[in-house]
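# Coordinate analysis (summary)
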Amino acid sequence: MTGTTTGAVSGRRRRRRVLGGVLIAAALVLGAGLYWTQPWKLWQNSTVNEALPAATTPAPGTSRPGTAPAPAPRTVSQGSLISHEHCTTGTVKLIELPDGSRTLRLEDLDTSSGPDLRVWLTDAPVKEGADGWFVFDDGKYVSLGKLKGNKGDQNYEIPAGVNLADYSSVTIWCDRFDVSFGAAALRAA
């Protein structure tokens with residue numbers, strides 16, 4: 001009878017080890033999946049309210065009478081954001097500053113947060129609905145950086161070598177899942 005008892009005990013130990021291994025593997029897979037998708041970000045909001053970059057103005061009392069005021073920033077093109085994967089609203093403006101530098105400005109942005117959101121200038125046409133979700137990485141695009149916040153007004157510097165004539169749209173792009181949260185077609189202002 002001792003052989004049977006010993007076999008049953010070692011069988012239970014083996015099952016416990018297997019069950020422990022399965023539980024550890026399941027916990028690792030769940031942890032990796034949560035890290036990858038970061039679903040909690042859908043309920044987190046980050047509001048950024050940056051001022052429009054302005055022309056440098058002379059100190060009070062230093063301008064000469066009869067001189068022209070410093071030039072103001074000029075809106076080159078603009079568009080309204082439409083929703084793709086997530087409800088997205090706001091206005092996009094490409095602005096040329098008096099010093100010749102250019103800025104992409106998001107105004108009144110309201111979208112969901114996500115695990116790896118970027119602001120892209122692209123040459124892709126903006127399509128409504130699911131047809132427009134995946135088109136922005138098919139052609140030419142320039143990443144202007146990570147989205148600073150999912151709400152508010154924010155500015156993104158456009159590199160000097162970028163030819164704006166090559167780009168016709170802007171997307172809030174989720175780099176992790178290769179999908180557009182929202183996009184805007186740009187039209188001359």
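Details of the structure are given in the entry above.
Everything in this summary refers to the structure shown in the same document. Just so it is clear, the structure is predicted and the values come from calculations on it, not from any experiment.

Conventions adopted
- Residues numbered from 1 in each chain as written.
- Predicted model: local features only at pLDDT ≥ 70, side-chain atom pairs only at ≥ 80, totals over all residues.
- Heavy atoms only, no water.
- Pairing = 2+ DSSP bridges.
- Helix = DSSP H or I, 4+ residues; strand = E, 2+ residues; numbered from the N terminus.
- Phe/Tyr/Trp six-rings, centres within 6.5 Å; stacked < 30°, edge-to-face > 60°.
- Buried < 20%, exposed > 50% of the residue type's maximum accessible area, 1.4 Å probe, protein only.
- Lys NZ or Arg CZ within 6 Å of the ring centre and 35° of its normal.

## Quick notes on the pairing of strand S4 (residues 89-96)
Looking at chain direction, strand S2 (residues 74-80) and S4 are connected through six bridges and run antiparallel. Across the sheet, Ser77 pairs through a bridge with Leu94, a residue of S4. In this sheet, strand S5 (residues 102-110) lies alongside S4 in antiparallel orientation, the contact comprising seven bridges. Residue pairing for S5: Ile95 is matched across the bridge by Thr103.

## Describing the packing of aromatic side chains
A complete count under the given rule lists four aromatic pairs for this structure. Where Phe136 meets Trp173, the ring centres are 6.4 Å apart and the plane angle is 75°; that geometry is what we call edge-to-face. Taken together, the residues Phe136 in the loop between strand S6 (117-122) and strand S7 (141-146) and Trp173 in strand S9 (residues 169-174) connect sequence positions 37 residues apart. Each member of the pair Phe136 and Trp173 is classed as buried. Three or more aromatic residues link up through ring pairs in this structure, and these residues are Trp120, Phe136, Tyr141 and Trp173. The ring of Tyr156 carries Lys148 above its face, with NZ or CZ at 4.7 Å from the centroid.

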